[in-house]
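# Commentary on secondary and tertiary structure
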Amino acid sequence: MDSQKDALQRIIATLANKNEELQNFIETLNHTLDRVQVNSTQVVSDLEEEFDTLYSILDEMKESMTNTIKQETVRKSHELQNQQTQSTNALESAEELLEFANNALHITDEGEFTKAAKQIKDRVTMAPAFRLTMKPKATDNMTHLMVDFIQERQLLQGLKFLPVPRAPEIVLEDCLVIDNEVTVTWRIPVEDSKIDHYILEYRKTNHEGLPRVKDEQCWEVVDNIKTSEYTLQGLRFDTKFMNFRVRACNKAAAGDYSDPVTLETRAFNFGFDSTSSHLNLKVEDRSVEWDPQGGKGVDTKVKGKENKGRSGTPSPKRTSVTRSPAPRGARDRFTGESYTVLGDTSIESGQHYWEVKPQKDCKSYSVGLAYRNLGKFDQLGKTNTTWCIHVNNWLQNSFAAKHNNKAKNLDVPVPDSIGVYCDFDRGQLSFYNAENKQLLHTFKVRFTQPVVPAFMVWCGGLTLSTGLQIPSAIRSFQKTENGLGGSNSSISPQDPSVACDICFYDKLPSVDSSLMP
């Protein structure tokens with residue numbers, strides 16, 4: 001009976017998954033149908049616009065060429081008219097001279113005849129009719145302004161839709177997700193020399209399968225990519241996966257999208273648990289800041305004995321500051337001189353990484369891990385259930401690793417930003433300079449219960465960066481270090497159920513297996 005129920009449960013799960021896939025596919029089809037109508041209307045509009053542009057160009061060319069013909073007509077007419085006027089004047093002068101010569105033939109007086117003959121000879125020599133060129137300066141031929149549209153007509157008759165670029169293929173094995181960067185590589189199935197650029201689109205999702213129409217995020221667009229590879233930098237991985245698709249474009253058209261691919265982008269995401277924070281801490285989304293006015297106005301004083309022996313964290317000048325009591329159900333709200341706030345997400349397994357950046361004028365702060373059962377008066381590094389590095393810039397500067405009320409001073413400059421690496425399964429907590437990935441300290445711990453990120457801040461503030469992958473430099477270092485034994489120096493825990501070593505390395509640590517807990 002039980003086996004049949006199990007088999008039926010598997011069938012039901014399979015059917016449910018298939019129903020979800022079909023529903024997603026139907027939504028995709030509906031969306032595609034809607035887009036077909038929209039895109040059809042758009043391409044018709046684009047086609048009309050292109051033809052209108054073509055008509056406009058033809059009209060402009062027609063007007064320009066017509067003006068050329070008119071100008072040529074005016075030029076030839078002007079030259080011929082001038083030549084006609086000159087010829088008419090020459091003809092009138094020649095007719096007058098001819099008449100004068102005919103009259104001279106009838107002169108009987110020899111002297112008069114000689115005189116008239118000389119005049120006629122002089123006038124003939126200077127006559128315009130003998131100085132004019134008897135050839136038109138312009139012809140009536142206008143064939144040099146004729147246009148042969150045979151080739152253009154053939155081109156227009158052969159006008160076709162521009163071949164659309166093929167859809168690219170994303171090369172999944174060449175895609176890379178590392179250091180909060182994603183490199184996407186693709187190829188064109190058929191060589192196309194007319195491709196001008198590519199468009200890459202991506203979006204975040206918590207769904208592992210194909211992208212859904214109604215997904216959590218809209219597609220982000222990266223345009224005008226000239227190569228077949230692109231790297232997205234400075235990402236925050238606050239979802240489990242990212243979808244990618246790409247399309248090729250020529251000068252006039254964009255091709256179809258490639259088949260979308262899904263890349264895993266898991267990272268540790270958490271925020272500050274404001275219900276746990278000290279009343280003098282102002283907690284926002286990704287930042288916590290010291291607020292000396294927090295909690296004033298209620299007649300509840302912190303007893304001195306509750307803070308006795310907890311002088312590791314500097315405290316402000318003693319005043320009769322009153323604080324509101326912790327709300328019901330929030331017994332873990334820190335108080336007294338424990339200016340602490342925890343993360344809102346527990347770590348129960350796996351490897352995780354996050355970064356913390358202090359304000360430049362922060363007087364004192366701690367960064368580390370703690371068990372959830374940390375007492376509300378407890379300070380980080382003062383108990384056997386907390387591990388941290390502590391920075392003190394108040395009165396006397398110090399930089400130390402702390403656990404179980406023991407400290408190890410660190411002879412290195414305090415970095416501007418601290419990276420925290422936790423390998424829960426291997427029992428390792430390491431701190432790094434977030435800028436150059438230099439290892440600062442490593443705690444070796446046998447975690448007996450889930451841990452949470454923990455922070456202390458006084459007179460200043462901290463900014464938290466999560467959704468970060470473990471940097472490749474740290475992964476490489478961890479592979480080297482995990483092949484070695486324990487540290488060459490340790491702080492012995494008082495609680496035998498919690499074993500811890502603190503180790504500091506200038507470069508790679510020297511190891512002594514006899515010190516392994």
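Keep in mind that what you see is a predicted model, and the values were worked out from it rather than measured. All residue numbers refer to positions counted from 1 along the written sequence of the respective chain. Per-residue local features are limited, in this predicted model, to residues with pLDDT of at least 70; the limit for side-chain atom pairs, both in listing and counting, is 80 or more; totals at the level of whole chains, interfaces and linings are taken over all residues. In computing side-chain properties, one takes all heavy atoms of the structure into account and sets aside hydrogens as well as water.

Attention now moves to the sheet that holds strand 4 (residues 197-205). Strand pairing is defined by DSSP finding a minimum of two bridges between the two strands. Numbering goes from the N terminus for both helices and strands, where a helix is a DSSP run of H or I of at least four residues and a strand is a run of E of at least two. Across the sheet, which stays open at both edges, the 4 strands sit in the order 5-4-7-8 with antiparallel pairing between neighbours. Pairing within the sheet leaves two strands with one partner each, and these edge strands are strand 5 (220-225) and strand 8 (261-264). Neighbour-to-neighbour, the strand axes of this sheet turn through a mean angle of 25°, independent of strand direction. Two strands pair when backbone bridges link them, and strand 4 and strand 5 are joined in this way by 4 bridges, in the antiparallel orientation. Paired with Tyr198 across the strands is Ile225, a residue of strand 5. Axis definition: a line fit to C-alpha positions, over the contact stretch in the case of helices; interaxial angles, taken between N-to-C directions, run 0 to 180 degrees.

Let us look at the nonpolar core. Nonpolar side chains in soluble globular proteins generally cluster together in the buried interior. Counting 48 residues, the largest nonpolar core has Trp354, Leu369, Phe431, Phe447 and Phe455 as the members making the most contacts within it. Sorting elements by how many residues they give to this core places strand 20 (residues 451-458) first, with 7 residues. Residues Trp186, Ile195, Leu200 and Val261 belong to the second largest nonpolar core, which totals 20 residues. Only buried Ala, Val, Leu, Ile, Met, Phe, Trp, Tyr and Cys residues count toward a nonpolar core, and they belong to the same one when joined by side-chain atoms within 4.5 Å. Any residue under 20% of the maximum accessible area for its type is buried, any over 50% is exposed, and the rest in between are partly exposed; the area is computed with a 1.4 Å probe on protein chains only.

Direction vectors running N to C along helix 1 (residues 2-104) and helix 2 (residues 110-126) enclose 160°, while the axes themselves pass 10 Å from each other. Overall, the two elements helix 1 and helix 2 adopt an arrangement that is roughly antiparallel. With respect to the hand of their crossing, helix 1 and helix 2 are arranged in left-handed fashion. Residues Glu96, Leu97, Phe100, Ala101 and Ala104 of helix 1 pack against Phe113, Ala116, Gln119, Ile120, Arg123 and Val124 of helix 2. For this classification, the nonpolar set comprises Ala, Val, Leu, Ile, Met, Phe, Trp, Tyr, Cys and Pro, the charged set comprises Asp, Glu, Lys and Arg, and every other residue, Gly included, is treated as polar. Across the contact of helix 1 with helix 2, the residue classes break down as 8 nonpolar, 1 polar and 2 charged. Should an angle lie under 35 degrees it is considered roughly parallel, over 145 roughly antiparallel, and from 65 to 115 roughly perpendicular; all remaining angles are considered oblique. Left-handed describes a crossing whose near helix is turned anticlockwise from the far helix through less than a right angle; right-handed describes the clockwise counterpart. Residue contacts are defined here by distance: any two heavy atoms, one from each residue, within 4.5 Å place the two residues in contact.

Glancing now at helix 2. For a helix, the expected span equals 1.5 Å multiplied by the residue count minus one. With 17 residues, helix 2 extends 25 Å between its outermost C-alpha atoms, agreeing within 8% with the 24 Å of an ideal straight helix rising 1.5 Å per residue. Distance and chemistry together define a polar contact, namely a pair of N or O atoms within 3.5 Å, with one atom able to donate a hydrogen and the other to accept it when in protein, and with adjacent residues in sequence counting only for side-chain atoms on both sides. N-capping of helix 2 is provided by Asp109, with a side-chain oxygen placed 3.1 Å from the backbone N of Gly111.

Pairing is possible between side chains of opposite charge, provided their charged atoms come close. We define a salt bridge as a contact between a side-chain nitrogen of Lys or Arg and a carboxyl oxygen of Asp or Glu at a distance within 4 Å. With the rule as written, the count across this model stands at 16 salt bridges. A salt bridge links Glu72 to Arg75; the nearest nitrogen and oxygen atoms lie 2.8 Å apart. Of this pair, Glu72 and Arg75 both sit in helix 1, 3 residues apart, roughly one helical turn. Given a relative accessible area of 16%, Glu72 falls into the buried group. Across the salt bridge formed by Lys204 and Asp238, the nearest N and O atoms sit 3.1 Å from each other. With a gap of 34 residues between them, Lys204 in strand 4 and Asp238 in the loop between strand 6 (229-232) and strand 7 (241-249) connect regions that are remote in the sequence.

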